[in-house]
Amino acid sequence: MKKVLVATEKPFAKVAVEGIKKILDEAGYEMALLENYTLKTELIAAAAEAEAIIIRSDIIDQDVMDAAPKLEIVVRAGAGYDNIDLEAATKHGVVAMNTPGQNSNAVAELAIGLMVYAARNNFNGTSGTELKGKKLGLHAFGYVGKAVATIAKGFGMEVFAFDPFVSKEKMEAEGIHCVDKVEDLYSKCQYISLHMPSNAQTKKSINSQLLSLMPKGATVINTARKEVIDEDGLLAIFGERPDFRYMSDVEPDNKLVIAEKFSGKFFFTPKKMGAQTSEANNNAGLAAARQIVDFFEKGDKSFQVNK
Ligand code: 3PG
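Residues numbered from 1 in each chain as written. Predicted model: local features only at pLDDT ≥ 70, side-chain atom pairs only at ≥ 80, totals over all residues. Heavy atoms only, no water.

Chemist: Explain the pairing of strand E3 (residues 52-55) here, please?
Modeler: In summary, the side chains of a regular strand alternate between the two faces of the sheet. Along E3, one buried face is formed by Ala52 and Ile54 and the opposite face, lined by Ile53 and Ile55, is buried too. In this sheet, E3 lies alongside strand E1 (residues 3-8) in parallel orientation, the contact comprising four bridges. Across the sheet, Ala7 pairs through a bridge with Ile55, a residue of E3. Sheet topology note: the E3/strand E4 (residues 73-76) ladder contains four bridges and is parallel. Considered in E4, the bridge of Ile54 is made with Val75. (Buried < 20%, exposed > 50% of the residue type's maximum accessible area, 1.4 Å probe, protein only. Helix = DSSP H or I, 4+ residues; strand = E, 2+ residues; numbered from the N terminus. Pairing = 2+ DSSP bridges.)

Written out as structure tokens, the structure reads:
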């Protein structure tokens, strides 16, 4: 009987856990659940017998894989897989997958919610502004970027995107403007929403030079990863631009300095909340369980990310 560990420091909604269990039960697999854990040693102990693991932002590194000799597959129920050591996975012969697109609507709704919150001055009772007629720049145009574009158009925003991996034709087919140079996106758009993965190319790439190009009322929404922001640059721009606002689902490491000096100009969720809806948990969790069953039963490696 295959053993599948669901290891979620930030648990899925109950309905998603029940759905995952049902899929695994029907396949004749055994599910173990490790939720709300605080220590890496708990994850290491739970992984010992696992042949498959479903995770969210949980970190699967060399130590976890060393401690899981039977492990064949890890599925990140979600988009970003920067929390899996892909080299170690390949070395251990472990297939790593994600579940692209499954939680993107939840993240997109949060990005728009953060935009509204910023436009209304963090609901502090003063007169704010509207999103209608404003320019929104999507930095990266994957599943989340596309979902944000759809909602933003409903608000009457004019949407632009920069993504070197997506063609102009694809963007135009979605009714948005393609921007060829990242600098042009930042100089055109009062609102910028970040949707790129965190990797060697993107880490600290959102720096003060780029942010300083933004027009008056500059508002950056980060539901991607805190690592893509250059935090020194962020502090510098807050200092130089009284109009600058930063709303993020992932609080920066220097949040206390920002909180002390720039009150009212930011918002950080206390815990990453973008994908924390029962629908997103269900979509991503069930997709992860199905991918595991398809991998064991049919050798299906679609969505493998360590090829
Ligand atoms: C993702 O990469 O899918 C999102 O950042 C969601 O992460 P979470 O599953 O930890 O909420």
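After that view of the structure, there is still more to cover.
Chemist: Where do I start with the sheet that holds E1 in this structure?
Modeler: Strand pairing within a sheet occurs via backbone hydrogen bonds; the two strands may be parallel or antiparallel. Pairing is parallel across the open sheet formed by five strands, whose spatial order is E2-E1-E3-E4-E5. The outermost strands of the open sheet, each flanked by one partner alone, are strand E2 (30-35) and strand E5 (95-98). This sheet shows a mean twist of 15° between the axes of neighbouring strands, independent of strand direction. For E4 and E5, the ladder comprises four bridges, and the chain directions are parallel. Its bridge partner lying in E5, Val75 is registered against Met97. (Axes fitted to C-alpha atoms, helices over the stretch in contact; angles between N-to-C directions.)

Chemist: Sorry if this is basic, but what is going on with the pattern of salt bridges here?
Modeler: Any two side chains of opposite charge can pair, given that their charged atoms come close. Under the defined criterion, the tally for this structure stands at 15 salt bridges. The shortest N-O distance in the salt bridge between Lys135 and Glu158 comes to 3.8 Å. In this pair, Lys135 sits in strand E6 (residues 135-139) while Glu158 sits in strand E7 (residues 158-162), placing the two residues 23 residues apart along the sequence. Exposure remark for Lys135: the relative accessible area of 32% places this residue in the partly exposed category. Residue classification places Glu158 among the partly exposed positions, given a relative accessible area of 32%. Salt bridges linked by common partners bring Lys40, Asp61 and Asp63 together as one network. (Salt bridge = Lys/Arg side-chain N within 4 Å of Asp/Glu carboxyl O.)

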